[in-house]
Amino acid sequence: MYFKFTFCPIILLLWASLSFAQNVNVVIHGAASIAKTDDNFVCVTLDWWPAEKCDYNQCPWGKAGILNLDLRYGALINAIKAFNPLRIKVGGSLQDNVVYKVGEVSSCPNFMKREDGLFGFSQGCLSMERWDQLNRFFNHTGVKLTFGLNALFGRNGSQTEKGLWIGDWQPQNTRDFMQYTISKGYKVDSYEFGNQLSGSGMGAKVDAKQYGKDVIVLKNLVKELYAHPETQPKVLGPGGFYEEKWFNTFLEVSGQGIVDGLTHHIYNLGPGDDPNMMNKILDPSYLNQVSQTYKGVSDVVNKFRPQLGAWVSESGGALNGGSKDVSRTFADGFWYLDQMGMASTYDQKVFCRQALIGGNYGLLNATTFVPNPDYYG
C-alpha cells in the first residue's frame, strides 16, 4: 500500500498567513490527568437494519445489516483487523424486536415492513447458524464484542400510554441464547440491555423502576451462567438518551454492583435531512452544547459508581441513517473528532460510532467496503 500526497495552494496560503503571525508559546501541564479512557475506547456498531430501511426518500443500508452482511470480504476483514482489536457493539433500533432461534423458539422470520411494528418492522430473528458465522468472523478479526439484548421480550404495549411497554421482562430466550453461546465457547465482553428505551424512548420506552428491576434479573442470569468471574461478561445499560430523572431512578432501584457500565446515546446534530447540517458541524459553539449531556452523565456516574463508568454506546451525529451529503465526507470529521475528544475529557470510557458499515454514517462504504474519511479519524 502507498499514499500519494498532493500539496494544494491552500497550504501555501496557510504558510504565508503563519509567516506574518505572532509567535505563541503553548505550555501543557501533563503532571495530572483529567480522565482515563478504556484501552478499547474506539468502538463501532453493527446494526440490524434490513435493506428496506428508508429515510428521507433513500434506502442507504443495502446488505450492511447484521443478518445480510457478507463477512467474506477481505477489505472488511482488514478494516477491522487494523485496530487490533476493535470493539464492536452488535445492536441498534431493532434489537428489541429480535428473537433468538434456540430452545423453545422454532420459527425464524425475517424482518418485514409492517406499519404497526416497532420502527415499522415486524419481529426478526437471529438463527444460531448466523450466530455461528458471526462468531467465526469476530474470532478471525479479533473483535472485542458487546452484544445488545432484546429487553422487550415478554412485555406488551400499554393500552393507555403510547410507546410504553409494560410487564416483566421474560429472560428465557436470552437464557437459551447465552447457554448456546457458552457451549460454543464464544467470547462476549459485555451485554447491553435494550436500546433507546430510557426516558421518552425512541419507538418504545420502559418505566425506569421496571427497567431497574429487570436489569437485576439479567445480572443474576449472567452470574449464574458464567460461573467464573474472570470470564463473566459485563452488564451495560440503558443504552438510550440521557434523562436525569429516569437514569437516577433506574440506578436507585437496581442498586450498586448491578450495572457495570452506564451507557447512553448521542445524536447532537439532529435529523439527517437538516439543510443546516454543515453549519452545525463547523460551529464550535453548537458542538459544545452537548457538553451538558456529558456532564449530566458524569454526575450520575460519580453518584452511583458503576465499575466501568460511562460509555457512549451509540453515536452517529445525525439521526435516521445520517446525512447523505455530509456524514460520509471529510467535513464530518470535525464533528466526530470533536465528540471523541469531548467524551474522553468527561471521563466517558468508550465511544461507539454508528456504524462500521451501513446508512450514510458508516465508516466503510456499504458496497465497496472502501473506508470513508471518518475511518481514518
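Residues numbered from 1 in each chain as written. Predicted model: local features only at pLDDT ≥ 70, side-chain atom pairs only at ≥ 80, totals over all residues. Heavy atoms only, no water.

**Q** Could you clarify how one ought to interpret the overall build of the protein in this entry?
**A** For the protein, the helix and strand inventory stands at eleven helices and 16 strands. Taken over the C-alpha trace, the protein has a radius of gyration of 21 Å; the compact-globule value for 377 residues is 21 Å, and the two agree within 12%. Over its C-alpha atoms, taken along the principal directions, the protein stretches across nearly 75 × 45 × 45 Å. Counting the 377 residues in the protein, one finds 52% classified as buried. Taking the contacts inside the protein whose residues are at least 6 apart along the sequence as the reference set, 76% of them involve residues at least 24 apart. A total of about 18,700 Å² of accessible surface is found on the protein, and carbon and sulfur atoms cover 53% of it. (Helix = DSSP H or I, 4+ residues; strand = E, 2+ residues; numbered from the N terminus. Rg over C-alpha atoms; globule rule 2.2 N^0.38 Å. Buried < 20%, exposed > 50% of the residue type's maximum accessible area, 1.4 Å probe, protein only. Contact = heavy atoms within 4.5 Å. Areas by Shrake-Rupley, 256 points an atom, 1.4 Å probe, with all protein chains shown as cover.)

**Q** Explanation requested: the packing of aromatic side chains in the structure shown.
**A** Following the criterion strictly, the structure yields 27 aromatic pairs and no others. Taking the centre distance of 5.1 Å and the plane angle of 90° together, the rings of Tyr 211 and Phe 250 count as edge-to-face. One end of the pair, Tyr 211, is in helix H5 (residues 208–225); the other, Phe 250, is in helix H6 (residues 244–254), and 39 residues separate them in sequence. An aromatic cluster of three or more residues is present, and its members are Trp 169, Phe 193, Tyr 211, Tyr 242, Trp 246, Phe 247 and Phe 250. The aromatic ring of Trp 49 is capped on one face by Lys 53, whose charged end is 4.2 Å from the ring centroid. (Phe/Tyr/Trp six-rings, centres within 6.5 Å; stacked < 30°, edge-to-face > 60°. Lys NZ or Arg CZ within 6 Å of the ring centre and 35° of its normal.)

**Q** Any chance you could explain the state of the cysteines here in plain terms?
**A** By definition, a disulfide links the sulfur atoms of two cysteines through a covalent bond. Applying the stated criterion to the full structure yields three disulfides. Bridging Cys 54 to Cys 59, the disulfide has an S-S length of 1.9 Å. Since a negative S-S torsion denotes a left-handed disulfide, the Cys 54-Cys 59 link at about 95° is right-handed. Here Cys 108 is linked by a disulfide to Cys 125, with a sulfur-sulfur distance of 2.0 Å. As the torsion about the S-S bond is roughly -95°, the Cys 108-Cys 125 disulfide counts as left-handed. Here Cys 125 lies in strand E5 (residues 124–127) and Cys 108 lies in the loop between strand E3 (98–101) and strand E4 (113–118), a separation of 17 residues in the sequence. Assessed through its relative accessible area of 4%, Cys 125 is described here as buried. Ordering the disulfide-forming cysteines of the protein by sequence position, one finds them joined as 1-6, 2-3, 4-5. (Disulfide = S-S within 2.5 Å.)

**Q** Teacher, can you tell me more about the sheet that holds strand E7 (residues 156–157) here?
**A** With mixed pairing, the three strands of this open sheet are ordered in space as E7-E8-E10. Edge positions in the sheet fall to E7 and strand E10 (205–206), since each of these pairs with one other strand and no more. Where strand E8 (residues 164–166) lies against E10, two bridges are found, and the strand directions are parallel. What sits directly across from Leu 164, in E10, is Lys 205. (Pairing = 2+ DSSP bridges.)

**Q** Explain helix H3 (residues 128–141) to me, please; I cannot follow it from the model alone.
**A** Helical periodicity: at 3.6 residues per turn, an α-helix aligns residues three or four positions apart in one direction. In a regular helix each residue adds 1.5 Å, so 14 residues correspond to 20 Å; H3 covers 20 Å between its end C-alpha atoms and thus fits that length. Within the sequence span of H3, burial applies to Met 128, Arg 130, Trp 131, Asp 132, Leu 134, Asn 135, Phe 137, Phe 138 and Thr 141. With its phi angle positive at about 75°, Gly 142 sits one or two positions after the end of H3. (Expected span 1.5 Å × (residues − 1).)

**Q** What exactly am I supposed to notice about a nonpolar patch on the surface here?
**A** Taken together, Met 278, Leu 282, Phe 330 and Phe 334 make up a surface patch of nonpolar side chains, about 430 Å² in accessible area. Within the secondary structure layout, Phe 330 lies in the loop between strand E15 (318–319) and helix H10 (332–345). Judged by relative accessible area, Phe 330 falls into the exposed class, the value being 63%. (Patch = residues over 30% accessible without salt bridge, like charges linked within 9 Å, V, L, I, M, F, W, Y side chains within 5 Å. Salt bridge = Lys/Arg side-chain N within 4 Å of Asp/Glu carboxyl O.)

**Q** Looking at this model, I keep getting lost on the sheet that holds strand E1 (residues 42–47). Mind explaining?
**A** In sheet architecture, strand pairing relies on hydrogen bonds along the backbone and comes in two forms, parallel and antiparallel. One closed barrel holds the eight strands; their spatial order is E1-E2-E6-E9-E11-E12-E14-E16, and the pairing between them is parallel. The mean inter-strand angle of the sheet, taken between neighbouring strand axes irrespective of direction, is 25°. Here E1 runs beside strand E16 (residues 348–353); their pairing, made up of three bridges, is parallel. Note on E16: the bridge partner recorded for Val 42 is Phe 351. Running over the sheet, H10 touches strand E12 (261–266), strand E14 (310–315) and E16 and is turned about 155° from E16. (Axes fitted to C-alpha atoms, helices over the stretch in contact; angles between N-to-C directions.)

**Q** So what exactly am I meant to see when it comes to the packing of H6 against helix H9 (residues 291–304) here?
**A** Pairs of packed helices are described in terms of their axes, by the angle between the two and the distance that separates them. Running from N to C, H6 and H9 cross one another at 20°; their axes reach a closest spacing of 11 Å. Relative to H9, the element H6 is oriented roughly parallel. For the crossing formed where H6 meets H9, the hand is right-handed. Along its contact with H6, which presents Asn 248, Leu 251 and Glu 252, the element H9 presents Val 300, Lys 303 and Phe 304. Grouping the amino acids of the contact of H6 with H9 by side-chain chemistry returns three nonpolar, one polar and two charged. (Parallel < 35°, antiparallel > 145°, perpendicular 65-115°, else oblique. Left-handed = near helix turned anticlockwise from the far one by under 90°. Nonpolar A, V, L, I, M, F, W, Y, C, P; charged D, E, K, R; others polar.)

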